[in-house]
Amino acid sequence: MIELDGTEGGGQLLRSALTLSLCTGTGFSMGNIRGRRRRPGLMRQHLTAVNAAAAIGGARVHGAQLGATALRFEPGAVQGGDYHFATGSAGSATLVLQTLLPALWQAATPSTLRLEGGTHNPLAPSADFIADAYLPALARMGVQIGFTLEQHGFHPAGGGVLDVQVTPCAALQPCAFNTRGALASVEAKVLMSGLSGSIGQRELQVLADRLGVDPHPRHVHAVRPALGPGNVALVQVRHDAHVEVFSGHGERGVSAEQVGARLADEVQRYLHGDGCVAEHLSDQLLLPMALAGAGSFTTATISEHLESNARLIEKFLPVEFEWVPEGQGWQVQVSR
């Protein structure tokens, strides 16, 4: 058993530990789960990830209940198959997906997943990010995933549905994401659920003014059925060798212009920087690269999430991460 402290890393450390436990057959116990959060312990989406990981891996689990700050996880053998998991809320379905994928692509037989919950949540990868940035990066390593967004889900109503097909992958191919190539396109769209389309048009206009995207109303999409109010603005940045997706979420008390401006700021920081991989994807590439045993990427910043995730991975796998200055950013390398 590996003893882990979850004080600093939030839910990401728990999800990474679950994934690595399934992939390596190594059990773990974690205390102080999400210890520095305003509401520590397991929230519904974290509990769903724990129970889903236990289901696909035949694990024995102690402490899996809402609000729990300690957990013990003892994995069995991962089995491919047909699985259905629901958060029962607007908790992120994409975070549950990322917890399960590496274990399922290592299974001997294919799997299908039907996941219910939030698909476009603040502080979680959107379904668009998964489809257009995360899965293409995995495909470069040899992982083949089928992904369908059947129904959008926003906070607080939830109700989103993802259908996923996982093909077994015997061995990941080490990959380098060090150069992104020439800029090919910058495109934006806005999703509106149960809210006036004029809000989305205002967000889109800010993005057009700042980034030069097309402000035509056809890029504002009404989500139907509208299960609850929701709004997300999405920008896809495509280079010859890499794709990134950025999102900005509408919230009460924040104007459409502010949502658009914050999103434009994030996109411009990426465009003006040297790194190939943006901050959120950089954190999520660590684990598959470690499973491949080698790889590298360049990025503008070394976030606390990235650093804590790297140190956790090193506890489960015989790999080492290092980051060295390169240009105005960093190169992150993994090796055995």
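All values reported here derive from a predicted model rather than from experimental measurement.

S.K.: So what's going on with the pairing of strand β2 (residues 28-31)? Residues and values would help.
M.R.: Within a regular strand, side chains alternate between the sheet's two faces. As paired elements, strand β1 (residues 2-5) and β2 share 4 bridges and run parallel to each other. By the bridge assignment, Asp-5 is partnered in β2 with Gly-31. As paired strands, β2 and strand β4 (residues 71-74) are joined by 3 bridges and run antiparallel to one another. Note that in β4 the partner of Ser-29 across the bridge is Arg-72.

S.K.: Residues and numbers for unusual backbone geometry, please.
M.R.: The linkage connecting His-155 with the following residue, Pro-156, adopts the cis geometry, with an omega of 10°. Secondary-structure assignment places Pro-156 in the loop between β7 (145-151) and β8 (160-166). With an omega of 0°, the peptide bond between Arg-224 and Pro-225 qualifies as cis. Positionally, Pro-225 belongs in the loop between β11 (220-222) and β12 (230-239). Unusually for a residue other than glycine, Asn-32 sits at a positive phi of about 55°. If you trace the backbone, Asn-32 turns up in the loop between β2 and α2 (44-57). Positive phi is not limited to glycine here, since Leu-123 has a value of about 65°.

S.K.: Which residues make up the nonpolar core, and what are the values?
M.R.: Counting residues in each nonpolar core, the largest one holds 86 residues, and the members touching the most others are Phe-28, Phe-177 and Phe-321. Every residue in contact with Phe-177, bar those within four places of it in the chain, is listed here: Ala-137, Arg-140, Met-141, His-242, Cys-276, Val-277, Leu-285, Met-289, Ser-296, Phe-297 and Thr-298. Core analysis: the next-biggest nonpolar cluster, separate from the first, contains 19 residues, Val-186, Val-190, Ala-208 and Val-267 among them.

S.K.: So what about the packing of helix α4 (residues 127-140) against helix α7 (residues 279-292)? Which residues, and what values?
M.R.: Between α4 and α7, the shortest axis-to-axis distance is 11 Å and the interhelical angle comes to 40°. Here α4 lies oblique to α7, going by the angle between them. Between α4 and α7 lies a crossing whose hand is right-handed. Touching Phe-129, Ala-133, Tyr-134, Ala-137 and Leu-138 of α4 are Leu-281, Gln-284, Leu-285 and Pro-288, all from α7. Taken together, the residues that form the contact of α4 with α7 break down as 8 nonpolar, 1 polar and no charged.

S.K.: Break down the pattern of salt bridges for me, citing the residues and quoting the values.
M.R.: Evaluation of the coordinates by the stated rule reveals 10 salt bridges. A salt bridge links Arg-72 to Glu-74, with the nearest nitrogen and oxygen atoms 2.8 Å apart. Note on Arg-72: relative accessible area 34%, which makes it partly exposed. Since its relative accessible area comes to 16%, Glu-74 is described here as buried. Across the pair Arg-114 and Glu-150 runs a salt bridge whose closest N-O atoms are separated by 3.0 Å. In this pair, Arg-114 sits in strand β6 (residues 111-117) while Glu-150 sits in strand β7, placing the two residues 36 residues apart along the sequence. Salt bridges sharing partners connect three or more residues here, namely Arg-60, Arg-72 and Glu-74.

S.K.: How would you summarise the sheet that holds strand β16 (residues 329-335) if you had to cite specific residues and measurements?
M.R.: In spatial order, the strands read β9-β14-β16-β15; together these 4 strands make up an open sheet with mixed pairing. The open sheet is flanked by β9 (175-177) and β15 (320-326), the only strands paired with a single partner. On average, adjacent strands in this sheet sit at an angle of 15° to one another, irrespective of strand direction. Here β9 pairs with strand β14 (residues 295-299) via 3 bridges, running parallel. Across the sheet, Ala-176 pairs through a bridge with Ser-296, a residue of β14. Docked against the sheet, helix α8 (residues 304-316) engages β14 and β15, running at close to 150° with respect to β15.

S.K.: Summarise the sheet that holds β1; cite the residues concerned and give the values.
M.R.: An order of β1-β2-β4-β3 is seen for the 4 strands of this open sheet, with the pairing classed as mixed. Two strands lie at the open edges of the sheet, namely β1 and β3 (60-62), each paired on one side alone. Within this sheet the neighbouring strands show an average axis-to-axis angle of 15°, counted without direction. When β3 meets β4, the two strands line up antiparallel, connected through 3 bridges. When the sheet's bridge partners are listed, Arg-60 is paired in β4 with Glu-74. Lying over the sheet, helix α1 (residues 10-24) contacts β1, β2 and β4, oriented at roughly 170° with respect to β2. Its contacts with the sheet put α8 on β1 and β2, and the angle it makes with β1 is roughly 170°.

S.K.: Describe the environment of Thr-298, with residues and values.
M.R.: Along the chain, the position of Thr-298 falls in strand β14. Excluding anything up to four places from it in sequence, Thr-298 contacts Phe-177, Asn-178, Asp-274, Gly-275, Cys-276, Val-277, Glu-326, Trp-330 and Gln-331. A polar contact is formed between the side chain of Thr-298 and the backbone oxygen of Asn-178, at a distance of 3.0 Å. Of the polar contacts made by the side chain of Thr-298, one reaches the backbone nitrogen of Cys-276; its length is 2.9 Å.

Criteria and thresholds
Residues numbered from 1 in each chain as written. Predicted model: local features only at pLDDT ≥ 70, side-chain atom pairs only at ≥ 80, totals over all residues. Heavy atoms only, no water. Pairing = 2+ DSSP bridges. Helix = DSSP H or I, 4+ residues; strand = E, 2+ residues; numbered from the N terminus. Core = buried A, V, L, I, M, F, W, Y, C linked by side-chain atoms within 4.5 Å. Buried < 20%, exposed > 50% of the residue type's maximum accessible area, 1.4 Å probe, protein only. Contact = heavy atoms within 4.5 Å. Axes fitted to C-alpha atoms, helices over the stretch in contact; angles between N-to-C directions. Parallel < 35°, antiparallel > 145°, perpendicular 65-115°, else oblique. Left-handed = near helix turned anticlockwise from the far one by under 90°. Nonpolar A, V, L, I, M, F, W, Y, C, P; charged D, E, K, R; others polar. Salt bridge = Lys/Arg side-chain N within 4 Å of Asp/Glu carboxyl O. Polar contact = N/O pair within 3.5 Å; in protein donor to acceptor, adjacent residues only side chain to side chain.

Read these as spatial facts, not as claims about activity.
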